[in-house]
Each structure stands twice: as C-alpha cells, then as structure tokens.
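Here is what each chain is made of, one letter per residue.
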Amino acid sequence: MKEEIRESIGLALERISSSENIETPKLDHFEVSIPKEEFGDLSTNIAMILASRMKTNPRALAEKLVNELAGEPYISSVKVAGPGFINITVTPSRWIDYLGDILSQKENYGKTKTGKNEKVMVEFVSANPTGPLHIGHGRGAAVGDALARILSWAGYDVYREYYINDVGLQMENLGRSTIARARELLGRPFEEPAYKGKYIKNIASDFIKRYGEEILDSPQEKAVPTASKFTGTAILDTIRKDLDDFRVSFDEWFSEKSLHDADEINKVINSFLGSKDIYEQDGAMWLKTESAGDEKDRVVRRANGITTYLAADIAYHKNKLDRGFSKLIDIWGADHHGYIPRMKASVSALGHDPKKLSPILVQMVSLKRGGKTISMSTRGGVFVTLREIIDEVGVDATRYFFLMRSSDSHLDFDVDLAKKRSDENPVFYIQYAHARCANIFVTAKEREIETKKFNEIDKSLLEGKYELRLIKKLAQFPDVVASCAESLQPHPITQYLTDVASSYHSFYHNNRVVTDDIKLSQARLALIESTMIVLKNGLSLLGVSAPDRM
RNA sequence: GCGCCCGUAGCUCAGCUGGAUAGAGCAUCGGACUUCUAAUCCGGGGGUCGCAGGUUCGAAUCCUGCCGGGCGUACCA
C-alpha cells in the first residue's frame, strides 16, 4: 500500500510541477507512515519536506497535492492536517482486495524483491568449541537466524555461516584439560585443567574408551593434539545438536584451521606488504586501524612469525568477499564491540568499502526467575546453557523472548513468564490466535460449509469496523518484513504479530464466523484464512511454530 | 582515562535517518462468558522521555556538557 501511495504522490508532483513550469523535485526519503486511526489509513510528511525547496509553505503545497490525489479511485478521503501532513483514507474495497493477494500468495505472502538478489552472508554464533552454548550465544543464534530468514524473504540471496575457531592455544588447553580429567578418572596424578566444566569429564571418559589408557602414556606432542581434536569434535557435535534443536541451521561450518592449512593468513598479510595500511615495528607487522577509529594499531604477525587472531579473521573476511558476498553481516556479542573499527579497517585494507561489513552487536542476557535477576556476565561464573533454557521453557518461547527486544538493548529474560501458558505470555497470545483460526475451519467443516475462492465471495460483507482494522494490519506485513530487512532488526516482527493477534481477537470477540448465513460465513472464512497465513508466515520468520490446537 | 551500548509509565521495553495529544506488554482498577477455545474482549488510572544547555517553524529523536548503569580497552582467541 505504501508503494502505491508513493507512486500516486510522484505522479501528482509531476502534474503540479509541469502545470507550474517548475522542475519536479527529487523525491528522496519522505515518509509514508501509518498514523493514529482517527487521522486516516496512511499519512505522509512530503509537503513539509519539499515545501522549502519548492519555495512555498507546507500547507499550500499539501493543498495542491490533496487536489491531485483526490482523483485517485482507490482513495476515499485525503486531507491536510496539522503543520502540513497529508492524511489519506483508502476505500474499503481496495483494502479488501489485499485479501486476494494474501490468499493467492499463501506461504509466500510477505516476500518482496527489495534485496534484488544481492548476495549476503550472515555469520553468527561462531562460538569457540571449548564448551556448550550459553544463553548469550542463544540470543545471537536467534537473532542471526531470524535475520537470515527475513533477508531471504526480502529478496536477498542469503548464506549462513558458523566460523569455528578450531586452532590455537585454547584448543591446546582444551586437549590438556581432557587429558587431565582422564588421568583423574583413572586415579592418576593430574594437573588442574584450564576448562573445568563437567562436560570435560564426560568427554574424558569417552576419550579413554576410544583411545585406551595407553594414550596417556604417549608423548605430549602426540597425546595433546589427539585429545584436542577429539574434544573439539565432541563439543562441536553438541553445539550442532543444540542449534539443530533450536531450529538454527547453517549453510557452512567454516573452519579457521582450513585457512591455516592453506596458508591463507600469511598470504593475506604478504599481500598487504608495501601498502600504506601496514608497517613493521619492534619486529612485528602492524595494521593501521587507529585511523578507522580503533584505540591503537594492531599486530597481525608477531616478531616470532606467528600470526594473530585478527590476521585469521582478516583472511576469513577476504575469503567471504572473494566468494562474492557484497554484504557481510556479523553477529557478535556486545563484548566484542571494540572489534568493529579494526574489522572495518581490515575490510578497507582488503580494498573493499567498509560499509559492506555490518556488525550487529547482541547485548547481554540476564535471567529473571522468582523475582530475582541473575546476571550472565562471564565473570559472575553463573553460566546457564542454551540447552537448559530450551528444556525448561521450550524452543518457541525461548526464541520469541530472544527476539522481542532490540538486539542492542540488554535483555531481561523472564523465565517464569516465558513458561506461562497464559495471556501474560506474548508468544502464547499470538499462537492462540492462530489456533483459534484453525479451529474455526474445523467447525466450518463439521457444518459442511464450503470455502469459496476469493473472487467468489461477497466482498461487501467484509466492510465492518473490525474486519477492516484486521485487514489493514494484514496488508502491512510485506512492508514490515522489508523494513526489518533494511534495518537489520528482527524485533519489530514480534510487535507486529502481537498487533495482528490483537486485531484478530478483537474481531473474533465481536463476530461469529460460522453461522447460518452461508455467504457471510464464506466471506469471513476468507478473512480467517488470510489471518492464519500472516500469523504463520510471521512466526516462521522468527522460527516459532504456529500450532493448530492448543 | 578513553571507546561503545543503555537511561522513556510501578516493571520489561518500543519509538530515536526530527514532525500531529509519546506507545505496547505485564502489573493495577472497573466491566463482559447459555456463542467457532474467556489461553479472549471492552474501558479507566498511570510520564518533568536521566539532568542542563544548544540547533529550528518543530527535539524522546540531532549537537555539547554532566549524572547513573552495563561492557570493552592484549604481539588472547
């Protein structure tokens, strides 16, 4: 609808400027928004934006536009209001026609082509395989996954990736930890392990079963890498399982080790040599990142020839760019915010526009339970796993709660609320709306009411207040998805779905769908089916199920 | 110290590429079930948008300074 209004405004402007012999001003970003109900269906501030450039005042320009727009057949009322807003009301029949779009597009309703098939990489989670995923990772997983789904609906060619830090000192420590626990299990003397979680004990036990006690007697150079690999693989398997159960999937699990094995990291550093972006000092190679807003320049290769983590990340991002992705979205924990300038600088050094990289920071999660808030800071030592929270509150509620706030806002995860099967819980409120719709079809079938095609129903029967309010909400869906894709934020979808559910429940309360009036029943069934489609599609973008029964 | 995020209703948060009387959910108060699921609906109360300046026709939104909270400040990954 917004697009239609924009086009009409564009045409109206051309007519005005040609009749007044002035140049048509460029239409940059003026707003077409949905105002309060009493103002109309849609509203635009274009007159206020353009007035000064057209050397007139906002209200005068608005009046002219109103005269032009009044001729549009789909507009029933258009008025100037306040300082120069133009408020537009669209005819009921035009709104009702949207149901035709919804019913014909079904599971595709809401998709747009705004992304123009641009290749986008969403890299997310990418947690080190040194322990199970915690709820912070879970939030990142939910956000990255939802964003990937949204972008794909908005017409982007989306690729999802998990970057595995499977190399370096931490992997070595991980292997040593397993060996230490294995020795402990066998009653041998052992060193205090670096990784203390009980999952290491389980892995250590499997490790002995797999390689036998003798492995502990082999030289460190052999035992440690064997244990590292074994442990890393085992942990990665549980991470995969957790994410799978959380309905999060990846197109690729990208191994950092593969970059080392192909010597890609040295290659990329060497390619920088001689450029203005890199210099040598104290025997080390430094990348100029301070000019990009970093606190200081950063070492990419130490004097001893060993490359740093940043160097590997540069090679990884080069790899992404080489694969043809023009938009790189990285979902990071907020504690990595200091990393943004240096990665932007790295992308520049690679000869690309740093705007191609869009890091999304996901803020920390606190758990609220029994009125008490438990902070999840790494220091606090409190460490709730994603698995625990899924098992306790379920995937639907967990995902929804992770997605209902802006990702750069700290999240208070209210466990008690998430577990409630009642109207207090927003996710159930939405799912219940869907289940109610589904149940109406069960009733309709029992009464043997035949559902009609959209062009066979009597559309004039849907012009009531509650019907139109709901239809207008449903018609917004593609705009909402496109706008989420543009701003790279999933959370407005949750608010939107709450609005749809609310309009629906309100309609439901005031109208009976299945009645003896067959024609009316059939018209309303078309509305109910449309509602189900939007609720289901919207929930699917969040990775939340749309149950038929509750 | 410096950098990033946050500070909006009792609580949790939207709104922040400037626009009309600042919104939602929960909580609270008052109403509505012989009906396709009341897991619902309808209504009320509740705000110096952290503080102080500035920019302008107009500021929760932009700028500056301060206050409060979180996070980060490695030749670790």
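Please refer to the structure higher up on the page.
Keep in mind it's a predicted model, so treat the numbers as computed, not measured.

## Some remarks on the overall build of chain A
Okay, step 1: Assigned secondary structure in chain A consists of 19 helices and 15 strands.
Okay, step 2: Across its three principal directions, the C-alpha atoms of chain A cover 85 × 65 × 40 Å.
Okay, step 3: Within chain A, the proportion of its 550 residues that are buried is 50%.
Okay, step 4: Counting contacts in chain A only where the partners sit at least 6 residues apart, residues at least 24 apart contribute 71% of the total.
Okay, step 5: As presented, chain A carries roughly 26000 Å² of accessible surface, and 49% of it is formed by carbon and sulfur atoms.
Okay, step 6: The positive charge centre, built from 74 side chains, and the negative charge centre, built from 78, are 2 Å apart in chain A.

## Some details on helix α6 (residues 169-185)
Okay, step 1: Compared with an ideal rise of 1.5 Å per residue, which puts 17 residues at 24 Å, α6 spans 24 Å between its outermost C-alpha atoms and is within 8% of the ideal.
Okay, step 2: For α6, the set of buried residues is Q170, M171, L174, G175, S177, T178, I179, A180, R181 and A182.
Okay, step 3: Just downstream of α6, G187 is the residue with a positive phi angle, here 75°.

## Re the protein's contact with RNA strand B
Okay, step 1: Near RNA strand B lie 58 residues; those nearest to it are F85, R302, D423, Y432 and N439.
Okay, step 2: When atoms of RNA strand B within 4 Å of the protein are sorted by moiety, sugar and phosphate together comprise 66%.
Okay, step 3: The contact in question runs from a phosphate oxygen of RNA strand B to an N or O atom on the backbone of S406, over 3.1 Å.
Okay, step 4: Between S409 and RNA strand B, the recorded distance is 3.2 Å, taken from a side-chain N or O atom to a phosphate oxygen.
Okay, step 5: Elements with a contribution of two residues or more to the surface near RNA strand B: β4 (85-90), β9 (284-287), β10 (298-301), α16 (426-446) and α18 (491-510).
Okay, step 6: The leading source of residues in the surface near RNA strand B is α16, at seven residues.
Okay, step 7: In the surface near RNA strand B, the residues fall into 20 nonpolar, 21 polar and 17 charged.

## Digging into helix α13 (residues 386-393)
Okay, step 1: Restricting attention to buried positions, one finds in α13 the residues L386, I389, I390 and V393. Taken down its axis, α13 places every buried residue within 100° of arc, on the same side.
Okay, step 2: Along its buried surface, α13 packs onto α5 (135-153), α8 (220-245), β13 (365-369), α14 (395-403), β15 (411-414) and α15 (415-419).
Okay, step 3: Looking one or two residues beyond α13, the residue adopting positive phi is G394, at roughly 95°.

## Focus on the environment of Y466
Okay, step 1: Following the sequence through the fold, Y466 ends up in helix α17 (residues 465-487).
Okay, step 2: For Y466, a relative accessible area of 22% gives the class partly exposed.
Okay, step 3: For the pair Y466 and E252, spaced 214 residues apart in sequence, the C-alpha to C-alpha distance is 46 Å.
Okay, step 4: Setting aside anything within four residues of it in sequence, one finds Y466 in contact with S506, F507, N510 and N511.
Okay, step 5: There is a polar contact of 3.5 Å between the side chain of Y466 and the side chain of N510.

## So, the sheet that holds strand β14 (residues 372-374)
Okay, step 1: One open sheet accounts for three strands, arranged β14-β13-β15; its pairing is mixed. The outermost strands of the open sheet, each flanked by one partner alone, are β14 and β15. Neighbour-to-neighbour, the strand axes of this sheet turn through a mean angle of 30°, independent of strand direction.
Okay, step 2: Set on the sheet, α14 makes contact with β13 and β15; between it and β15 the angle comes to about 155°.

## Overview of the packing of aromatic side chains
Okay, step 1: Counted according to the given criterion, the structure contains 22 aromatic pairs.
Okay, step 2: Here Y162 and F250 contribute two aromatic rings whose centre-to-centre distance is 5.5 Å and whose plane-to-plane angle is 85°, an arrangement assigned as edge-to-face. Of this pair, Y162 sits in strand β6 (residues 157-164) while F250 is found in the loop between α8 and β7 (252-255), placing the two residues 88 residues apart along the sequence.
Okay, step 3: Look at F250 and you get buried, because its relative accessible area is 12%.
Okay, step 4: An angle of 80° between the planes, with centres 6.3 Å apart, marks the rings of F246 and F402 as edge-to-face. Of this pair, F246 sits in the loop between α8 and β7 while F402 sits in helix α14, placing them 156 residues apart in sequence. Residue F246 shares its accessibility class with F402, and that shared class is buried.
Okay, step 5: Site record: aromatic cluster; members linked through ring pairs are Y109, W153, F477 and Y496.
Okay, step 6: Above the ring of W153, the side-chain terminus of K111 is found at 5.3 Å from the ring centroid.
Okay, step 7: Over the aromatic face of W253 sits the side chain of R240, whose NZ or CZ is 4.4 Å from the ring centroid.

## Side note on the side chain of T531
Okay, step 1: Structurally, T531 is set in helix α19 (residues 518-542).
Okay, step 2: Among residues more than four places away in sequence, those in contact with T531 are C437, L470, L474, V500 and Y504.

## Describing the sheet that holds β4
Okay, step 1: Reading across from one edge, β1-β2-β4-β3 is the order of the four strands in this open sheet, with antiparallel pairing throughout. Looking at the sheet topology across the chains shown, the edges are occupied by β1 (32-33) and β3 (75-81).
Okay, step 2: Direction of pairing for β3 relative to β4: antiparallel, over a ladder of six bridges. Bridged to V80 within β4 is I86.

## Focus: the packing of α17 against α18
Okay, step 1: Where α17 contacts α18, the axes come no closer than 9 Å and their chain directions differ by 170°. Here α18 runs roughly antiparallel to α17, going by the angle between their axes. Counted together, Y466, E467, R469, L470, K473, L474, Q476, F477, V480, V481 and C484 of α17 and P492, I493, Y496, D499, V500, S503, Y504, S506, F507 and N510 of α18 form the full contact between these two elements.
Okay, step 2: Tallied by class, residues from the contact of α17 with α18 come to 13 nonpolar, four polar and four charged.

The rules behind each value
- Residues numbered from 1 in each chain as written.
- Chains lettered and ligands numbered in written order.
- Predicted model: local features only at pLDDT ≥ 70, side-chain atom pairs only at ≥ 80, totals over all residues.
- Heavy atoms only, no water.
- Helix = DSSP H or I, 4+ residues; strand = E, 2+ residues; numbered from the N terminus.
- Buried < 20%, exposed > 50% of the residue type's maximum accessible area, 1.4 Å probe, protein only.
- Contact = heavy atoms within 4.5 Å.
- Areas by Shrake-Rupley, 256 points an atom, 1.4 Å probe, with all protein chains shown as cover.
- Lys, Arg positive; Asp, Glu negative; His and termini not counted.
- Charge placed at Lys NZ, Arg CZ, Asp CG, Glu CD.
- Expected span 1.5 Å × (residues − 1).
- Near = heavy atom within 4 Å.
- Polar contact = N/O pair within 3.5 Å; in protein donor to acceptor, adjacent residues only side chain to side chain.
- Nonpolar A, V, L, I, M, F, W, Y, C, P; charged D, E, K, R; others polar.
- Arc of directions from axis to C-beta.
- Pairing = 2+ DSSP bridges.
- Axes fitted to C-alpha atoms, helices over the stretch in contact; angles between N-to-C directions.
- Phe/Tyr/Trp six-rings, centres within 6.5 Å; stacked < 30°, edge-to-face > 60°.
- Lys NZ or Arg CZ within 6 Å of the ring centre and 35° of its normal.
- Parallel < 35°, antiparallel > 145°, perpendicular 65-115°, else oblique.

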